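# Coordinate analysis (summary)
So you can see what is in the structure, the chains are spelled out below.
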Amino acid sequence: MTSTVCSADTFKIRPDGPDAERLGIQQGYPVCPQALTRPECRVGTWSANDQVANHSVVRASAQPLQLPTRVGAPPILYRWGFSGKTLDDFMAETKTTGLIVLKEGQVVAERYQYDRRPDMRFRSFSMAKTFTAMLVGIAQDKGMIRSLDDKAADYWPEISASAYGQTRIRNLLRMASGVPFRELYTWTPDDDIWVWGRVLNLPENRMRPEKIVEYLNTKTTREVEQGLRFKYATIETEILGRVLTRATGMSISQLTEEWLWKPMGAEYEARWLLAGTDQGEGTGGSFNATLRDYARFGVLLANDGQRDGVSVIPRQFLLDATDPARQPMAFRPRVATPGPGYGYQTWLMPFKERTFALQGIHGQHIFVQPKSGIVMVQTSVNDQASGRQDMRPYQMRDALWAGILKSLGGASD
């Protein structure tokens, strides 16, 4: 294995961070399975989730992509309110566990808090969705998925009775099935993502994949016709993952390793957490990788899916996934939501220059601006799952990203 070599100014680790007592510093940041509801479990678990969950391994590349330090990079500065701030200010004021900034594949800054380290695998949460989408694009390019306008049930006929089964793959990529789904992150019975999680992981459902089919086949109605509206629903990504395995005859872990992880030059092994019901990878939010390898994936996306001139992700699919101009109007920025638009399992930021993001609950992000070659990766343990519940961490992240773009010569308008 190789390692990124960084200067003391570029690379920093601190043993504590904001609210460290509540986040478990006295217990050594324990790894425990109740991290969604117990703050003291979050730091430890979300950087070692494979210690408490069934998982599969994604092996690293024999030729890792080098991430050299960028010599002579200017300091990163940003505005928050009426004050000028530095990157270290941002770390001191947010529950960020890891942060890395790159320009043209070179490391400008790398930070860790709460005694996290570069070899730790941080949970992606919904950043995994974009990995899943890219695998769909590669499968289509290889002819294993004939068309994005095929229906899910064309590859998974057991769910043909459901509205999901009759949804086109393209509309699942855009989260546009029209099937009702409430993703509240309250982890209560009225929260459909909680209900879906129980279908996947209840002990009595273990090794009973028919339970997934039975549940999906109860979903027979739509609020609107498919393809007309974006509505965030992790279940649609989970269906895509199972369509992929049936279309290719390979597991998601095998596909990730052979089609993405090794070709892009990952330095460390990754992990997919597995659902107990069917042993399927949690394509909606259960990938785990190091900060630097997330950064390598961001670099791959910034380079239009190429590494050293070799295509890893089909360029046209990647543009279809990430270019707002290629989306139907209903999925563009400031239309799909008051802020970002939504492409293929990827958030489209409201910038004049193509800028997109992978996002996960509790503050996981990869921001990419291809033309400027700027990539930012952040992992966090925010108190609340989403911006709907607490906007402040997201507003601070947006301010930092704008400052990074301005500091490093990107397009921030």
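Just above, that's the structure.
The model shown is predicted, which means the values in this text are computed figures rather than measured ones.

### Points about the overall build of the protein
In terms of helices and strands, the protein carries 11 helices and 16 strands. At 20 Å, the protein has a C-alpha radius of gyration in line with the 22 Å of a compact globule built from 413 residues. Each principal axis of the C-alpha distribution contributes one length, and for the protein these read about 60 × 45 × 45 Å. A burial count over the protein gives 60% of its 413 residues as buried. Pairs at least 24 residues apart make up 67% of the contacts formed inside the protein by residues separated by at least 6 positions. Here the protein has roughly 15,800 Å² of accessible surface; of this, 49% comes from carbon and sulfur atoms. The centroid of the 50 positive side-chain charges in the protein is displaced by 3 Å from the centroid of its 45 negative side-chain charges.

### Examining the sheet that holds strand E5 (residues 96-103)
One open sheet holds the 8 strands; their spatial order is E1-E6-E5-E16-E15-E14-E13-E12, and the pairing between them is mixed. Looking along the sheet, the strands with just one partner apiece sit at the ends: strand E1 (11-13) and strand E12 (341-342). Strand direction decides the pairing type here: E5 and strand E16 (residues 374-380), joined by 7 bridges, are antiparallel. In the sheet register, Lys103 faces E16, and the bridge partner there is Ile374.

### Some thoughts on the pairing of strand E8 (residues 270-273)
Burial along E8 is two-sided: Ala270 and Trp272 facing one way and Arg271 and Leu273 facing the other are all buried. Pairing of strand E2 (residues 55-58) with E8, which is carried by 4 bridges, proceeds in the antiparallel orientation. Along E8, the bridge assignment pairs Val58 with Ala270. The pairing of E8 with strand E9 (residues 287-289) spans 2 bridges and is antiparallel. The partner of Arg271 across the bridge, within E9, is Asn288.

### Section: the sheet that holds E9
If you walk across this open sheet you meet the 4 strands as E2-E8-E9-E7, and the pairing is antiparallel. Taken across any chain shown, the strands that pair with only one partner, and hence form the sheet edges, are E2 and strand E7 (122-123). Bridge count for E7 against E9 is 2 bridges, and the pairing is antiparallel. If you follow Phe122 over to E9, its bridge partner there is Ala289. Relative to E2, helix H8 (residues 252-264) is tilted by about 20 degrees, and along the sheet it contacts E2, E8 and E9.

### Considering the state of the cysteines
Per the counting criterion, the structure on display carries 1 disulfide. Here Cys32 connects covalently by a disulfide to Cys41, the sulfurs 2.0 Å from one another. Torsion about the S-S bond of the Cys32 and Cys41 cystine: about -115 degrees, corresponding to left-handed handedness. A single burial state applies to Cys32 and to Cys41, both of which are buried.

### Here's the deal with the packing of aromatic side chains
This model, assessed by the stated rule, comprises 21 aromatic pairs. Between the aromatic rings of Tyr232 and Tyr342, the centroid separation amounts to 6.4 Å while the plane-to-plane angle is 85 degrees, which identifies the pairing as edge-to-face. In this pair, Tyr232 is assigned in the loop between helix H6 (210-216) and helix H7 (234-248) and Tyr342 in strand E12, connecting sequence segments 110 residues apart. Of the two residues examined, Tyr232 and Tyr342, each falls in the buried class. Following the ring pairs from residue to residue traces out a cluster consisting of Phe131, Trp261, Trp272, Phe287, Tyr294 and Phe297. Geometry around Phe331 places Arg174 over its ring, the cationic atom sitting 5.6 Å from the centre.

### Brief notes about the environment of Arg117
Positionally, Arg117 belongs in the loop between strand E6 (106-112) and E7. Between the alpha carbons of Arg117 and Ile13 there is a distance of 7.4 Å; along the sequence they are 104 residues apart. When sequence neighbours within four positions are dropped, the list of residues in contact with Arg117 reads Ile13, Tyr112 and Phe122.

### Focus on the environment of Glu223
Take Glu223: it is sitting in the loop between H6 and H7. Given a relative accessible area of 41%, Glu223 falls into the partly exposed group. Sequence separation between Glu223 and Pro18 is 205 residues; the distance between their C-alpha atoms is 42 Å. Residues within four places of Glu223 in sequence aside, it is in contact with Gly178, Pro180, Arg229 and Lys231. Of the polar contacts made by the side chain of Glu223, one reaches the side chain of Arg229; its length is 2.8 Å. Only 3.3 Å separates the side chain of Glu223 from the side chain of Lys231, close enough to count as a polar contact.

### Points about the pattern of salt bridges
A full pass over the atoms with the stated rule returns 33 salt bridges. Members of the salt-bridge network, linked through shared partners, are Asp19, Arg22, Lys95 and Asp383.

### Comments concerning the pairing of strand E4 (residues 83-86)
Where strand E3 (residues 77-80) meets E4, 4 bridges bridge the pair, whose relative direction is antiparallel. Each bridged residue has a counterpart across the sheet, and for Tyr78 the counterpart in E4 is Lys85. As consecutive antiparallel partners, E3 and E4 are separated by 2 residues, and within that stretch Gly81 has a phi angle of approximately 65 degrees, a positive value.

What counts as what
Residues numbered from 1 in each chain as written. Predicted model: local features only at pLDDT ≥ 70, side-chain atom pairs only at ≥ 80, totals over all residues. Heavy atoms only, no water. Helix = DSSP H or I, 4+ residues; strand = E, 2+ residues; numbered from the N terminus. Rg over C-alpha atoms; globule rule 2.2 N^0.38 Å. Buried < 20%, exposed > 50% of the residue type's maximum accessible area, 1.4 Å probe, protein only. Contact = heavy atoms within 4.5 Å. Areas by Shrake-Rupley, 256 points an atom, 1.4 Å probe, with all protein chains shown as cover. Lys, Arg positive; Asp, Glu negative; His and termini not counted. Charge placed at Lys NZ, Arg CZ, Asp CG, Glu CD. Pairing = 2+ DSSP bridges. Axes fitted to C-alpha atoms, helices over the stretch in contact; angles between N-to-C directions. Disulfide = S-S within 2.5 Å. Phe/Tyr/Trp six-rings, centres within 6.5 Å; stacked < 30°, edge-to-face > 60°. Lys NZ or Arg CZ within 6 Å of the ring centre and 35° of its normal. Polar contact = N/O pair within 3.5 Å; in protein donor to acceptor, adjacent residues only side chain to side chain. Salt bridge = Lys/Arg side-chain N within 4 Å of Asp/Glu carboxyl O.

So yeah, pure geometry; function would need other evidence.
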